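Structure assessment
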Number of protein chains: 2
Amino acid sequence: MIIDRHIGLYTDLYELTMAQGFYLMGQGDKPAVFDYFFRKSPFGGSFAIFAGLDDLLELIENFRYDSEDIEYLRKIGFRQDFLNYLKNFRFTGDIYSVAEGEVVFPYEPLFRVHAPLIEAQILETIVLNILNFETLIATKAARMKIASKGKMVIDFGLRRAQGLGGIHASKAAVIGGAETTSNVYSSMLFGLTPAGTMAHSWIQSFDSEYEAFKTFADIYQDKTVLLLDTYDTLKSGVLNAVKVGKYLESLGKRLLGVRLDSGDLLTLSKACRKILDENGLGYVKIVASNMLDEYRIDDLVQKGAPIDIFGVGTNLVVGRSDAALDGVYKLISIDGVPKMKISNDPEKILLPGVKNIIRYYDENGLFKKDLVVLEEKLKDQGEAEEILLKPVLSSGKRIHTRKPVKRIAEYAKSRLEKLPDYLKNIYKTQVYNVSVCNSVLNLRNSMIKSLAGGFDESSSDS
Amino acid sequence: MIIDRHIGLYTDLYELTMAQGFYLMGQGDKPAVFDYFFRKSPFGGSFAIFAGLDDLLELIENFRYDSEDIEYLRKIGFRQDFLNYLKNFRFTGDIYSVAEGEVVFPYEPLFRVHAPLIEAQILETIVLNILNFETLIATKAARMKIASKGKMVIDFGLRRAQGLGGIHASKAAVIGGAETTSNVYSSMLFGLTPAGTMAHSWIQSFDSEYEAFKTFADIYQDKTVLLLDTYDTLKSGVLNAVKVGKYLESLGKRLLGVRLDSGDLLTLSKACRKILDENGLGYVKIVASNMLDEYRIDDLVQKGAPIDIFGVGTNLVVGRSDAALDGVYKLISIDGVPKMKISNDPEKILLPGVKNIIRYYDENGLFKKDLVVLEEKLKDQGEAEEILLKPVLSSGKRIHTRKPVKRIAEYAKSRLEKLPDYLKNIYKTQVYNVSVCNSVLNLRNSMIKSLAGGFDESSSDS
């Protein structure tokens with residue numbers, strides 16, 4: 001875990017303000033249900049890759065307040081009786097979720113918390129903070145991988161990441177389709193094999209580019225990837241790389257790759273490929289980097305750029321240009337009674353009630369449609385092919401241990417293979433068929449009618 | 001400190017790969033100088049607010065490798081002799097920097113590291129990760145504060161922040177001009193007073209909106225801010241708020257505020273203001289939130305929306321739409337010899353040599369121009385009004401302790417007051433006069449000539 005102290009303070013003040021209110025009113029124990037969902041797929045796409053679940057469940061299982069936290073909360077005005085409650089706080093509820101790495105769609109209930117109201121409420125910030133971000137980045141990585149047409153994508157983004165956000169960004173990138181990351185910290189935490197060779201400063205610190213390349217090759221031998229653009233990619237970089245490639249051959253080794261990091265990557269990759277091939281270095285891979293995103297990758301791939309590996313940084317780890325997912329965590333039931341916020345914005349209206357998702361397949365084994373259905377009606381769906389929300393945490397304890405990130409990534413890959421091609425268009429939003437069963441719609445309509453008159457006409461009891 | 005373990009692993013693999021190379025070649029001790037700077041102000045603006053310095057210096061002072069880290073690095077292939085070196089790694093160099101909270105401009109050298117090559121190199125990732133992000137967010141907050149024309153801006157963004165990036169985002173937001181934050185964790189770490197009252201779930205958990213409002217008011221009394229849009233802002237929310245306002249008056253208290261979180265904020269704020277005023281509640285503040293940014297705030301302010309406090313979330317803490325700053329950390333001198341990367345992209349060419357910034361003021365005490373000058377020529381600038389880079393870390397030790405964030409924020413505010421108005425235009429990039437003295441330009445030109453032939457024509461020594 002990254003945050004292993006003060007987890008309970010990793011929240012917005014209003015969660016604690018409301019929690020204290022529920023506690024003081026004796027309402028905190030009412031059984032409540034909250035749904036997490038998003039309203040719009042990120043990046044104008046059709047889908048998202050659900051990520052962050054294991055990190056989140058770990059935090060929830062360990063969510064508590066130590067004496068230092070309690071002291072801080074006292075200082076900012078919380079009351080002693082509520083603080084006594086917080087001292088012993090543990091999440092005791094149940095959680096249902098779609099699998100981490102799942103391909104998911106707007107308005108689907110993805111993560112559902114059943115718990116005493118106060119416990120369910122107090123988790124809001126951490127649920128949104130983790131799921132919104134990791135889902136955003138995993139989705140961005142998936143889009144880049146789709147654009148690469150099977151070429152390798154590697155995350156190089158930590159230097160421009162949003163501070164410590166880089167820790168989960170690199171991991172989520174791997175879930176979504178990046179082969180690996182340059183981020184050593186995340187690699188250690190999440191069992192990945194980090195990648196990376198040299199920056200321009202390596203080359204500049206030597207008297208000549210050739211000397212810099214050869215020294216590196218002497219040390220790293222067949223793990224050598226040479227950065228070509230410190231002086232001039234074609235007039236200097238690739239020529240020195242050829243010399244070092246030949247030198248490595250003389251040692252019985254092979255130059256692994258060269259990296260292009262500026263200029264016209266299409267022209268440069270073609271020219272470098274030609275020079276390498278003409279010199280018998282057809283096996284040397286070309287890595288390209290420099291502000292790549294799915295559109296730039298697609299353009300290069302479509303135009304036949306002979307690039308083997310795309311090194312992607314900023315645009316991946318900050319999830320440009322969206323930079324955030326609009327996921328929300330909403331109360332849908334309390335004391336067994338369905339609840340719903342209506343709104344001056346019609347799109348903010350919710351689907352009430354305790355729901356699950358059934359996924360149907362077409363005759364080719366591809367995703368055909370999803371149906372959002374009341375949990376209590378699940379058993380009526382005889383034809384149900386796949387139920388997406390499953391228990392992941394029971395009475396406050398995780399049901400499964402953390403999955404290796406590589407396994408989550410494999411799952412995401414296998415699910416993306418079942419996503420029809422028209423939904424993988426990176427330029428256009430295509431709508432996947434997500435239906436809401438009548439039982440949910442009827443419930444919603446009856447609630448809208450009954451809620452419309454929310455103003456209490458009785459006189460103030462002041 | 002947030003990361004208090006494995007700090008040395010919070011880096012890209014290539015830093016360690018190069019560090020090992022320098023070490024094995026016996027080059028690690030060469031004195032080197034690196035500059036941090038950015039090439040373009042974020043958000044199409046004219047300036048940036050430099051932030052992250054204290055966090056960064058703390059990490060640098062504590063940058064090291066414990067036995068677990070060493071074991072991990074061994075596992076991924078690093079060599080024993082280099083690992084023995086890392087075991088005792090401490091940063092021993094000197095650092096010069098502009099003050100945290102300073103108003104800064106593109107291409108200015110903001111943060112300069114003098115250290116043995118290996119130490120200076122190994123810091124690259126952490127320097128960029130921290131300074132790029134905090135500077136981005138502080139700048140975004142400053143733009144929102146400028147647009148608000150002196151109204152209050154509060155950060156509510158943790159729920160949509162980039163994971164743990166939210167920790168420093170909230171702090172940087174305060175440096176840039178946000179009054180405070182909803183983020184309890186960051187408030188504790190950085191000595192802020194968090195803000196926040198209720199979400200829709202509070203209201204939904206009661207049988208009526210009025211009951212929800214009154215219960216909250218009973219508990220929080222004159223700290224009460226009521227969220228109006230759960231059912232219908234004008235037909236229900238504000239009317240119930242008036243009743244509760246009157247109720248609080250009967251207790252000798254005052255309703256603090258109401259919050260609008262959806263719909264047309266201009267129309268709703270005007271209508272609510274009118275209703276509140278007509279009921280003698282002219283003192284009740286109006287808070288507005290819902291995907292605000294500097295443009296939306298400016299529009300509301302220009303149109304006379306009677307909003308007292310802008311609650312900003314996503315767009316602030318992720319620094320939309322840029323979401324990243326392009327700051328770089330480049331080798332500028334080694335063994336006393338100026339160094340420079342040229343490039344196929346002309347804009348990537350550097351300013352070589354050890355430099356400082358002199359800031360000049362106009363007759364009204366406003367910033368007039370900055371001059372980038374070689375450090376060695378500083379003493380020749382008799383008219384120097386202000387030298388921006390000062391020592392902040394000497395022989396690996398910080399010169400000053402951490403400043404309170406509120407003091408950094410005050411400094412930023414005082415500096416923004418000295419920034420001429422034309423540079424505060426949020427819609428248009430205006431160019432501030434940053435001149436580079438001839439000594440730097442001459443050095444650069446002579447280096448470009450000498451570097452152009454980087455390809456070593458001598459035959460490979462294979």
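Scroll up a little and you will see the structure.
Residues numbered from 1 in each chain as written. Chains lettered and ligands numbered in written order. Predicted model: local features only at pLDDT ≥ 70, side-chain atom pairs only at ≥ 80, totals over all residues. Heavy atoms only, no water.

Turning our attention to the packing of helix α11 (residues 233-250) of chain B against helix α12 (residues 265-278) of chain B. All names here are of chain B. Interaxial distance between α11 and α12 falls to 10 Å at its minimum, and their mutual angle equals 35°. Relative to α12, α11 is oriented so that their crossing is right-handed. Along the contact surface, α11 presents T233, L234, V238, L239 and V242, while α12 presents L268, A271, C272, I275 and L276. In terms of residue class, the contact of α11 with α12 is made up of 9 nonpolar, 1 polar and no charged. (Axes fitted to C-alpha atoms, helices over the stretch in contact; angles between N-to-C directions. Helix = DSSP H or I, 4+ residues; strand = E, 2+ residues; numbered from the N terminus. Left-handed = near helix turned anticlockwise from the far one by under 90°. Contact = heavy atoms within 4.5 Å. Nonpolar A, V, L, I, M, F, W, Y, C, P; charged D, E, K, R; others polar.)

Residue and element names in this part refer to chain A. Relative to the helices and strands, R143 is located in helix α6 (residues 124-148). R143 sits in the buried class, given a relative accessible area of 2%. Sequence-distant contacts of R143, that is, excluding residues within four places in its chain, are made with F43, G45, E294, Y295, N425 and I426. (Buried < 20%, exposed > 50% of the residue type's maximum accessible area, 1.4 Å probe, protein only.)

Let us now look at the packing of aromatic side chains. All names here are of chain A. Tallying each qualifying case throughout the model produces 36 aromatic pairs over all chains. Plain terms: the ring middles of Y295 and Y427 are 5.5 Å apart, the flat faces sit at 45° to each other, and that makes the pair tilted. With Y295 in helix α13 (residues 294-302) and Y427 in the loop between α15 (405-416) and β19 (434-436), the pair connects residues that are 132 residues apart, well separated along the chain. Relative accessible area serves as the criterion here: at 54%, Y427 is assigned to the exposed category. Joined through ring pairs, the aromatic side chains of Y23, F63, Y65, F78, F82, Y85 and F89 make up one cluster. A cation over a ring is seen here: R112 above Y96, with NZ or CZ 4.7 Å from the ring centre. The ring of Y360 has K369 lying over it, and the distance from NZ or CZ to the ring centre is 5.1 Å. (Phe/Tyr/Trp six-rings, centres within 6.5 Å; stacked < 30°, edge-to-face > 60°. Lys NZ or Arg CZ within 6 Å of the ring centre and 35° of its normal.)

All names here are of chain B. Most of strand β1 (residues 31-37) is tucked away, with 6 of its 7 residues classed as buried. Relative to strand β5 (residues 111-116), β1 runs antiparallel, the two being bridged by 6 bridges. Within the sheet, the bridge partner assigned to Y36 lies in β5 and is F111. Here β1 runs beside strand β12 (residues 328-334); their pairing, made up of 6 bridges, is antiparallel. Directly across from F37, in β12, lies its bridge partner V328. (Pairing = 2+ DSSP bridges.)

As a further point, take the interface of chain A and chain B. The interface is formed by 124 residues belonging to chain A together with 124 residues belonging to chain B. With both sides pooled, the region where chain A packs onto chain B buries about 10,200 Å², and carbon together with sulfur makes up 58% of that total. Among the residues chain A hides against chain B, the three largest losses belong to R159, Q162 and L164 of chain A. Together they make up 8% of the total. The interface formed by chain A and chain B holds 2 salt bridges in total. Two residues, D12 of chain B and R159 of chain A, come together in a salt bridge whose shortest N-O distance is 2.7 Å. Where chain A meets chain B, there are 48 residue pairs in polar contact (both at pLDDT 80 or more). (Buried area = accessible area lost by both parts, 1.4 Å probe. Salt bridge = Lys/Arg side-chain N within 4 Å of Asp/Glu carboxyl O. Polar contact = N/O pair within 3.5 Å; in protein donor to acceptor, adjacent residues only side chain to side chain.)

Turning our attention to the pattern of salt bridges. Residues and elements named next belong to chain B. A complete count under the given rule lists 54 salt bridges over all chains for this structure. In this structure, R5 engages E68 in a salt bridge whose closest nitrogen and oxygen atoms are separated by 2.7 Å. A residue pair is termed long-range when its members are at least 10 positions apart, and R5 in the segment before α1 (13-24) and E68 in helix α3 (residues 67-75) qualify at 63 residues. Look at E68 and you get partly exposed, because its relative accessible area is 41%. A salt bridge links E278 to K274; the nearest nitrogen and oxygen atoms lie 3.2 Å apart. Placement of both E278 and K274 in helix α12 is noted, with a separation of 4 residues, approximately one turn of the helix.

The subject of this paragraph is the sheet that holds strand β10 (residues 285-288) of chain B. All names here are of chain B. If you trace the 6 strands from one edge of the open sheet to the other, you get β7-β6-β11-β10-β9-β8, paired in parallel fashion. Either end of the sheet is taken by a strand with one partner, and the two such strands are β7 (180-181) and β8 (225-227). Sheet analysis places β10 next to strand β11 (residues 309-312), joined by 2 bridges and oriented parallel. Within β11, the position partnered with A288 by the bridge is F310.

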